[in-house]
Amino acid sequence: MPAMESTKSNVGYEEYYLRNNPPTARNYEKKGRGYHRRFGRILDEAKAQSVLDLGCATGMLTRYLCGRGYRRVVGIDLNAKLIEVARQNVQTEFVADDAVHFAATCKEKFDIIFLLDILEHLERPQVEELLRHVRGLLNDGGFALVRTPNMNCLHSSGSFNYDWTHITPFTEGSLFHVATLAGFSRVEHCNLFRMQNFKAKIKACINALIVPTLIWLRGGKKAKVFYYCLVAKLHA
């Protein structure tokens, strides 16, 4: 399905990704600690046996999930070179395929499906289509975990354009909207990525004064501007 391929298929993307995310043992361990800090509680509460990592790249998250002892962990990414790096570093199943095509044709179901930093790389029709297929891949009681830049945050608004392959921006409201259109019964915003460094906090403070005021003047509710990423738990 060439028309449904994301911009991650662009020649040279793997060089950009590997330059910013070197596949060293130290980096895998560092990323793993970060995933545990941010998702450990959610995963501890879930009675899951199978996990799908859509947009796995070099398998940083996939390796962390394997370490948690799940019965089955599968990683999917469109970029064959990144998948090859993942296979060299993580002992589990990896598939080089477009996320939309894989989700549309996969016959297997999973308890948890991760979509970290993938939706912003897709065109809007692709986002809704992918989420619809993802919902169909979930077992009863399963859920999807989505992470994407929060465009209500000034810091994310700037960094969103840093990556040339970013296409579709999201706010808390638009993510809720498309997840609802895709048929998810409940959208639970987790907001796990509060900014830590001083520079980002200064930007957020400026944003906290400007954006909520504009939203208030338009009759809307206050934005969660201190969270540079949206993290949502989508219940099937």
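Look up: the structure comes first, before these words.
The present account deals with the structure reproduced in this document.

**Observations concerning unusual backbone geometry**
And step 1. A positive phi angle is found at Ala57, which is not glycine, with a value near 55°.
And step 2. With respect to the element layout, Ala57 can be found in the loop between strand E1 (50-54) and helix H3 (60-67).
And step 3. One non-glycine residue, Asp117, lies in the positive phi region at around 60°.
And step 4. Inspection of the secondary structure assignment puts Asp117 in the loop between strand E4 (110-116) and helix H6 (124-136).
And step 5. According to the relative accessible area criterion, Asp117 is partly exposed, its value standing at 25%.

**Examining helix H8 (residues 172-181)**
And step 1. Considered for burial, the residues of H8 that qualify are Glu172, Leu175, Val178 and Ala179. All buried residues of H8 project into a common sector of 140° when viewed along the axis, lining one side.
And step 2. Looking at the buried positions of H8, the neighbouring elements they touch are H6, strand E5 (138-149), strand E6 (186-189) and strand E7 (229-235).
And step 3. With its phi angle positive at about 100°, Gly183 sits one or two positions after the end of H8.

**Quick look at the pattern of salt bridges**
Pairing between side chains becomes possible if they bear opposite charge and their charged atoms approach one another.
And step 1. Applying the stated criterion across every chain, the model contains 8 salt bridges.
And step 2. Residue Arg147 is joined to Asp117 by a salt bridge in which the shortest nitrogen-to-oxygen separation is 2.3 Å. Remark: Asp117 occurs in the loop between E4 and H6 and Arg147 occurs in strand E5; sequence separation between them is 30 residues.
And step 3. Members of the salt-bridge network, linked through shared partners, are Arg72, Glu93 and Glu108.

**Side note on the pairing of E4**
And step 1. Buried residues dominate E4, accounting for 7 of its 7 residues.
And step 2. Bridge count for E1 against E4 is 4 bridges, and the pairing is parallel. Within the sheet, the bridge partner assigned to Leu52 lies in E4 and is Ile113.
And step 3. Taken together, the 6 bridges between E4 and E5 define a ladder with parallel strand orientation. Across the sheet, Phe114 pairs through a bridge with Leu145, a residue of E5.
And step 4. For the handedness criterion, the β-α-β arrangement of E4, H6 and E5 is classed as right-handed.

**Some thoughts on helix H2 (residues 25-45)**
And step 1. Helix length check: H2, at 21 residues, gives a terminal C-alpha distance of 28 Å against a target of 30 Å (1.5 Å per residue), a fit within 8%.
And step 2. At Phe39, H2 shows its maximal bend, which comes to roughly 60°.
And step 3. Against the buried residues of H2 lie H3, helix H4 (80-89), E4, E5 and E7.

**A look at the environment of Glu188**
And step 1. Assignment of secondary structure puts Glu188 in strand E6.
And step 2. Here the alpha-carbon distance between Glu188 and Lys233, two residues 45 residues apart in the chain, equals 4.9 Å.
And step 3. Those residues in contact with Glu188 that sit more than four places away from it in its chain are Val231, Ala232, Lys233 and His235.

**Side note on the sheet that holds E1**
And step 1. Taking strand neighbours across the sheet as the criterion, the 7 strands line up as E3-E2-E1-E4-E5-E7-E6 in an open arrangement whose pairing is mixed. With partners counted over all chains shown, the strands left at the sheet margins are strand E3 (93-96) and E6, one partner each. Here the average twist between neighbouring strands, direction ignored, is 20°.
And step 2. Across the sheet, H8 touches E5, E6 and E7, and the angle it forms with E6 is around 155°.

The rules we used
Residues numbered from 1 in each chain as written. Predicted model: local features only at pLDDT ≥ 70, side-chain atom pairs only at ≥ 80, totals over all residues. Heavy atoms only, no water. Helix = DSSP H or I, 4+ residues; strand = E, 2+ residues; numbered from the N terminus. Buried < 20%, exposed > 50% of the residue type's maximum accessible area, 1.4 Å probe, protein only. Arc of directions from axis to C-beta. Contact = heavy atoms within 4.5 Å. Salt bridge = Lys/Arg side-chain N within 4 Å of Asp/Glu carboxyl O. Pairing = 2+ DSSP bridges. Right-handed = clockwise from strand over helix to strand, strands pointing away. Expected span 1.5 Å × (residues − 1). Bend = angle between axes of the 7 residues up to and from the residue. Axes fitted to C-alpha atoms, helices over the stretch in contact; angles between N-to-C directions.

Just distances and angles here, no functional claims.
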